[in-house]
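A structural walkthrough
Residue-level listing of the chains:
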Amino acid sequence: MADEQLLHKIHGLGDLDLAALLCLVSREHCIISTEPDELDALTEELRLVASQTFNLQSAVVDCTPHTTLDDLAASILQQQQPVPQTPKPPSQSLSPGGLAAATPRSSSSASPLRRRGGTTEPSSYFHHARHGSHGGNGGSFTPTLGLGTGTGTGTSSQQQPRIANVVLARNLDRAPRDVQIQCLELLRTRRILTRTSVQTAPKQFLFVAVLEESAAAAAAGSGGGGGSNGGNGLVSHLNDFFYVSHWHDPEDGFVHLEEEQEEHEEDSIYEYGRGGGETASLDSASSVVRRSIVEMPSPRTDRGRSVRNMPGDEFTNGSSSSSSISSTTTTPISISESDIASLARLTCQVGVDIEVLRYQMNIVSFLRLHRAVCPGGGTITPLATKHFGQLARCLAAVHGLDYVTPSLVALAAKKVYPHRIRIATPERERSVQWGSDLAAVEAVLEGAGPEDVIEDVLAEVVAPL
């Protein structure tokens, strides 16, 4: 069972923080979607979740139908912090007169300082991506061979590029098939192959497909055939490889983004007051309400809203108290790597009773045989069943339990299967081959979606007492 301090921090997380935490604990990846108008805000919120909650570097890949493999590789690679250098003798200081003496002759081809003056730069895998990369952090970073990609004669002072801890693939469903397959290979092997080296993903690695609501919900009408793409525009194998999917309601807000904007507004008001502005500006700055994140009197999230439609749903049971508001600034919630490792160990120790396991397998069987689910492969797959059981155990650890309950199994089903279920067309509905009227089948399937199928199955399958 997790310690009280860790559970206290988990209870204060929002839905996006919890989604990222569950994936990091299970070493899996997820799909997060929202309304099209809020996609920019969602991407920025996820970037802040990675940096503020988990202290991880993130990279944004803006996918389009014209995204290439070079763009993908250049976008997900981040530049490491410079390696500290030992103090050099005064005779080797980097002065204008001693620069040539301080730089070894063997590293002249790899040093950026040697390339000034028209020296031809060697061919690089990322050379042409400088003008077409959709890299994260505003596209300010473009890896080059001179910064080291695993080959060359770089010195210890050079900054080695590495895969970002969190990759946010925006509109991944719009990317070409070969780019999606390369993403699938990255998720499977945790490596990406370039023309000059093999880059390995860090230990803490999370790949998030950030999609629009219309794209993520397209599975409801994509039951025709077993094409190469999943219902939401993703390649079927890539779609099945994602651990969970979550839709973020814009009404829940973007907490990290809003807090950052409040800080900027407060700083600007304060600077205006220091510059001789009206005294009302200083009064306005002192009246800004700041959320208290650590000091939380109730299990309900203290980020100004309840955790909706995510594992945090269970945290709000039996409590309806509002969030804690404080005029003082406290340290934000931070989940360390040791916390994630602790939850991973606890997940492995969670037990599943035979009755609960039977309930889980009954849900899988009922989903496969539901009349609205498109028959054939690519929907309720064995990998989905594995993710189903794994998420149920992970939820138990997050809730401080060492056993899985039926309610956690039902919650896990609502997160594992929505992006996998494809709704059958009336012509492919199972009862048609036995003589059902096509018009009647169309009426039954009208408006049906993956969430409706899951709720129908959960209502039919009897949970163990």
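Residues numbered from 1 in each chain as written. Predicted model: local features only at pLDDT ≥ 70, side-chain atom pairs only at ≥ 80, totals over all residues. Heavy atoms only, no water.

**Here's the deal with the side chain of H387**
Inspection of the secondary structure assignment puts H387 in helix α13 (residues 382-398). Its relative accessible area of 2% is what places H387 among the buried residues. When sequence neighbours within four positions are dropped, the list of residues in contact with H387 reads E28, D240, F241, F242, Y243, V416 and R420. (Helix = DSSP H or I, 4+ residues; strand = E, 2+ residues; numbered from the N terminus. Buried < 20%, exposed > 50% of the residue type's maximum accessible area, 1.4 Å probe, protein only. Contact = heavy atoms within 4.5 Å.)

**Quick notes on the packing of α13 against helix α14 (residues 406-416)**
Taken N-terminus to C-terminus, the directions of α13 and α14 make an angle of 130 degrees; their axes are 9 Å apart at the nearest point. If you check the angle between α13 and α14, you find them oblique. As for how α13 packs across α14, the hand of that crossing is right-handed. Between α13 and α14, the residues in contact are A384, H387, F388, L391, A392, L395 and A396 and L408, V409, L411, A412, A413, K415 and V416, respectively. (Axes fitted to C-alpha atoms, helices over the stretch in contact; angles between N-to-C directions. Parallel < 35°, antiparallel > 145°, perpendicular 65-115°, else oblique. Left-handed = near helix turned anticlockwise from the far one by under 90°.)

**A word on the pattern of salt bridges**
Throughout the structure, instances matching the rule amount to eleven salt bridges. The partner of R47 in a salt bridge is E44, and the shortest N-O contact between them spans 2.3 Å. Taken together, the residues span about one helical turn, with R47 and E44 both in helix α3 (residues 39-53) at a distance of three residues. Salt bridges here are not isolated pairs; linked through shared partners, they connect D40, D62 and R170. (Salt bridge = Lys/Arg side-chain N within 4 Å of Asp/Glu carboxyl O.)

**Re the sheet that holds strand β8 (residues 206-212)**
Pairing is parallel in the open sheet, where five strands are placed in the order β2-β5-β8-β1-β9. Of all strands in the sheet, those with a lone pairing partner are β2 (58-62) and β9 (244-247), marking the two edges. Adjacent strand axes in the sheet meet at a mean angle of 20 degrees when their direction is disregarded. Pairing analysis gives four bridges linking strand β1 (residues 30-34) to β9, with the strands arranged parallel. Its bridge partner being in β9, C30 is matched across the sheet by V244. (Pairing = 2+ DSSP bridges.)

**Regarding a nonpolar patch on the surface**
A contiguous nonpolar patch, built from V352, I354, L357 and M361 and spanning about 310 Å² of accessible area, is present on the exposed surface. Checked against the element boundaries, L357 lands in helix α12 (residues 354-369). (Patch = residues over 30% accessible without salt bridge, like charges linked within 9 Å, V, L, I, M, F, W, Y side chains within 5 Å. Areas by Shrake-Rupley, 256 points an atom, 1.4 Å probe, with all protein chains shown as cover.)

**Topic: the packing of aromatic side chains**
Tallied over the full model, the rule gives two aromatic pairs. On the basis of an interplanar angle of 35 degrees and a centroid distance of 6.4 Å, the ring pair of F207 and F242 is categorised as tilted. Taken together, the positions of F207 in strand β8 and F242 in the loop between α8 (236-241) and β9 put the pair 35 residues apart, joining distant regions of the chain. F242 gets classed as buried once you look at its relative accessible area, which sits at 0%. When the centroid spacing of 5.4 Å and the interplanar angle of 75 degrees are considered together, the rings of F388 and Y417 count as edge-to-face. Of the two residues, F388 is situated in helix α13 and Y417 in the loop between α14 and α15 (438-445); the sequence distance between them amounts to 29 residues. (Phe/Tyr/Trp six-rings, centres within 6.5 Å; stacked < 30°, edge-to-face > 60°.)

**Here's the deal with unusual backbone geometry**
Phi at N55 is positive, roughly 55 degrees, even though this residue is not glycine. Of the residues examined, N55 reaches a relative accessible area of 63% and is grouped as exposed.

**Notes on a negative patch on the surface**
A cluster of acidic residues, E35, D37, E213 and E251, forms a negative patch at the surface. You can see E251 is positioned in the loop between β9 and α9 (255-274). By relative accessible area, E251 is classed as exposed at 72%. (Lys, Arg positive; Asp, Glu negative; His and termini not counted. Charge placed at Lys NZ, Arg CZ, Asp CG, Glu CD.)

**Some remarks on the pairing of β1**
For β1, a buried count of five out of five residues is recorded, marking the element as mostly surrounded by other parts of the structure. Residue alternation in β1 divides its side chains into two sets, C30, I32 and T34 and I31 and S33, and both sets are buried.

**Overview of α15**
Its side-chain oxygen placed 3.2 Å from the backbone nitrogen of A439, D437 serves as the N-cap of α15. Positive backbone phi, approximately 75 degrees, marks G447, located one or two places after α15. (Polar contact = N/O pair within 3.5 Å; in protein donor to acceptor, adjacent residues only side chain to side chain.)

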